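Architecture and fold: a report
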Amino acid sequence: MDKRKARDFTEGALLPQLLMFALPLIATSVLQLLFNTADIIVVGRWGGATPEECETSLAAVGSCGSLINLLVNLFMGLSIGAGVCVAHGIGAKQYEDVKKVVHTSVVAAVAAGAVVTVLGITAARPLLVLMGTDAAVLDEAVLYMIAYFCGMPACMVYNYCAAILRSSGDTVRPLGFLSVAGVINVVLNLIMVLVFHLGAVGVGIATAVSQWVSCALIISFMMKTDGVCRLEIKSLRIDIAKLKRILALGLPAGIQSTLFAVSNVLIQSSINSFGKVFVAGNTAASNIEGYSYVIQNSMYQAAITFVGQNEGAKNYKRLVKCVFMCVSCVTVLGLFFGVGIYLLGEPLLSIYAPENPEAIGYGVMRLAFISLPHFICGLMDVGSGIMRGLGKSLVPTLVSLIGSCALRVVWVYTVFAYFGTPESLFVSYPITWFVTGCVHYVMCFFEIRKRMKAQGECALG
């Protein structure tokens, strides 16, 4: 095993390293979202023979987003645990431990993908009905979900492997693999919708196929590499100690994501009550906001990896520098893209819903409440990433449970129930981001100070 293949973030110039790590990750995330945008634009423009049918297809895809996240986030969170374990192992130069984490993670990803696929296919209709999905949208939404979840085992494996590669410092190759799969996704979108007239279900099929392509590419690379993340079929087995560590770090992250998804499903149910035109506008605006989110999320991933490696090396002075650098970068990125998206909101929304001024108006409303203060969401996520990099995954989960999820649910049943307006629903996002973020950073301060104090006492002793 060639140990030099892992990038060491415990020494060297920090900002260039951070940029070299984050830029390919940003490109990967934006590209991934661009392909998702292509799904939405294709069904919004050509998903039916009439504007009304196109609107129905767009609403069908949009109605499934929060529900899909609810079903997959718990298991996807385990990939964070795998990434943190790899980062700690590389920082501590424990490469045999890294090898065990890699092989355990791939087996866990296959199992998680199988479970999520069965859940998604069997529970699609009852859960969509429970969410109050418009009857005109329901049948198409169910078919879209079934097609989408056929690609879930591949999606799980790709994301687990990508998390492992990123924690070893490689953010370029996941970008390349995703680029190839994404081009295939877009081409299949057009074929399925324009040639076979399959609407939303055609988009779901194209997405599933592209997920299998990205999975095949990343597995092929990891089987050929000589680095610390080399994958060997004969070594695929569960290491109980490593699985416990992955679960300890990843399960709380998955629970946190699931809890966010639960609150978002509740909010989606409230959004559904305003009718399919509102849902269409909200879907388009939400997708546009996604670009700001994934760009900021690169700093969350950077915080996990850079803090994780320096935690493994017990290099706390550099760890503090990593924290300040990630916080500064996410603030700048969040303000620039959040404000920019809002200012360009109307022309951007018109791409998704042409000749539908009512849907565009609803989309602009959402952008005003969520896009403008979106940097707060980025800061909140970086705070959570710092804690996970420190190896503390349960704490940010509990904070998010109380500060975001529970508060958001209470908001829906009190403030929104009283006013009953979209504005009173959307404003819950920045408020809960702010509350949760403040608590995250207080916990980060105490955790880092405790480690530095203990290290100082050991040095004196």
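Everything below is about the structure printed above this text.
We now turn to the structure provided with this report. The structure presented is a predicted model; accordingly, all values stated were derived computationally and were not measured.

**Thoughts on helix H14 (residues 394-419)**
Between the first and last C-alpha of H14 there are 35 Å, a value that for 26 residues agrees with the 38 Å anticipated at 1.5 Å per step. At Trp411, H14 shows its maximal kink, close to 40°. After H14 finishes, the residue Gly420 shows a positive phi value of roughly 65°.

**As for a nonpolar patch on the surface**
Together, Trp46, Val183, Val187, Leu190, Ile191, Leu194, Val195, Phe196 and Leu198 give the surface a local cluster of nonpolar side chains, amounting to about 770 Å² of exposed area. The greatest single-element share of the nonpolar patch, amounting to six residues, is contributed by helix H6 (residues 172-195). Relative to the assigned elements, Phe196 resides in the loop between H6 and helix H7 (199-224). The exposed category is assigned to Phe196, whose relative accessible area is 52%.

**Here we look at the packing of helix H11 (residues 345-352) against helix H12 (residues 357-370)**
Running from N to C, H11 and H12 cross one another at 130°; their axes reach a closest spacing of 9 Å. Put simply, H11 runs oblique to H12. The interaxial crossing formed by H11 with H12 has right-handed handedness. Side by side, H11 and H12 meet where Gly345, Glu346, Leu349 and Ser350 of the first sit next to Ile360, Gly363, Val364 and Leu367 of the second. Partitioning the contact of H11 with H12 into residue classes produces four nonpolar, three polar and one charged.

**Considering the environment of Tyr316**
Checked against the element boundaries, Tyr316 lands in helix H10 (residues 316-343). A relative accessible area of 6% places Tyr316 in the buried class. Each C-alpha atom, one on Tyr316 and one on Ile351, is 48 Å from the other, the two residues being 35 residues apart in sequence. Filtering out sequence-adjacent residues up to four positions away, Tyr316 remains in contact with Glu311, Arg451, Met452 and Gln455.

**Side note on the packing of helix H9 (residues 276-313) against H11**
Look at H9 against H11: their axes get within 10 Å of each other, and the N-to-C directions meet at 120°. Considering only the axes of H9 and H11, their crossing is right-handed. Touching Gly281, Ala284, Ala285, Asn287, Ile288 and Tyr291 of H9 are Leu348, Leu349 and Tyr352, all from H11.

Procedures and definitions
- Residues numbered from 1 in each chain as written.
- Predicted model: local features only at pLDDT ≥ 70, side-chain atom pairs only at ≥ 80, totals over all residues.
- Heavy atoms only, no water.
- Helix = DSSP H or I, 4+ residues; strand = E, 2+ residues; numbered from the N terminus.
- Expected span 1.5 Å × (residues − 1).
- Bend = angle between axes of the 7 residues up to and from the residue.
- Patch = residues over 30% accessible without salt bridge, like charges linked within 9 Å, V, L, I, M, F, W, Y side chains within 5 Å.
- Areas by Shrake-Rupley, 256 points an atom, 1.4 Å probe, with all protein chains shown as cover.
- Salt bridge = Lys/Arg side-chain N within 4 Å of Asp/Glu carboxyl O.
- Buried < 20%, exposed > 50% of the residue type's maximum accessible area, 1.4 Å probe, protein only.
- Axes fitted to C-alpha atoms, helices over the stretch in contact; angles between N-to-C directions.
- Parallel < 35°, antiparallel > 145°, perpendicular 65-115°, else oblique.
- Left-handed = near helix turned anticlockwise from the far one by under 90°.
- Contact = heavy atoms within 4.5 Å.
- Nonpolar A, V, L, I, M, F, W, Y, C, P; charged D, E, K, R; others polar.

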